[in-house]
Amino acid sequence: MALALAAALPGCGSDEAAPKTKAPAKGEAPADPAQADAQALGAEVFDIMDRVVAYKASHQGRLPTSFRQAGIDTLTATTTRGLSRVGGDPQVTIRFRRMDGHQLESCSGTNVVIEQSMMNEGTFEVQCVVADGATRTFTVRRP
């Protein structure tokens, strides 16, 4: 059932017109400057989601109600972190604290990022907000 859900969720609510940007191969510089921001934010989305899923596994299937409950900081030197839900699934959003030199404002992902990473040789998709407010989907590589 989880695999069927994982296969169905990436298409749910997606904007067919939104461009997707692929992750560059390891060691390769991205052609799109926003891809570097997506990689940095996406890696943090993956790391935090992994910790949220681990919390759920060790707390009888209950998700944390906040990052504080899970022992996760909401602020870092460069980012802020948010936890919400999409239906019954957790959603992690990572935002840059300062926009100077960045193409993206934030990137988000649900627990599907973990499943996609396992099925796609370490790559997964995150939805990001560009500085002008548009939303784009980026394919990034697991840290």
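Reference entry: report on the structure contained in this document. (Residues numbered from 1 in each chain as written. Predicted model: local features only at pLDDT ≥ 70, side-chain atom pairs only at ≥ 80, totals over all residues. Heavy atoms only, no water.)

**Here we look at unusual backbone geometry**
Look at Gln60: it is not a glycine, yet its phi comes out positive at around 55°. Judged by relative accessible area, Gln60 falls into the exposed class, the value being 74%. Positive phi, close to 55°, is recorded for Glu121, a residue that is not glycine. Along the polypeptide, Glu121 turns up in the loop between helix H4 (112–119) and strand S5 (123–130). Assessed through its relative accessible area of 73%, Glu121 is described here as exposed. (Buried < 20%, exposed > 50% of the residue type's maximum accessible area, 1.4 Å probe, protein only. Helix = DSSP H or I, 4+ residues; strand = E, 2+ residues; numbered from the N terminus.)

**Focus on the environment of Pro64**
Considering the arrangement of structural elements, one finds Pro64 in the loop between helix H2 (33–58) and helix H3 (67–70). Spatially, the C-alpha atom of Pro64 lies 9.2 Å from that of Val53, the residues being 11 residues apart in sequence. In contact with Pro64, not counting residues within four places along its chain, are Val52, Tyr55, Gln69, Ala70, Leu83 and Arg85. (Contact = heavy atoms within 4.5 Å.)

**Some thoughts on the pattern of salt bridges**
Taken as a whole and assessed by the stated rule, the structure comprises three salt bridges. Linking Arg81 and Glu44 is a salt bridge whose minimum nitrogen-to-oxygen distance equals 2.7 Å. Placement of Arg81 in strand S2 (residues 79–86) and of Glu44 in helix H2 is noted, with a sequence separation of 37 residues between them. Here Arg81 falls in the buried class, since its relative accessible area comes to 16%. Two residues, Asp47 and Arg51, come together in a salt bridge whose shortest N-O distance is 4.0 Å. With Asp47 and Arg51 both in helix H2, this residue pair falls four residues apart, about one helical turn. (Salt bridge = Lys/Arg side-chain N within 4 Å of Asp/Glu carboxyl O.)

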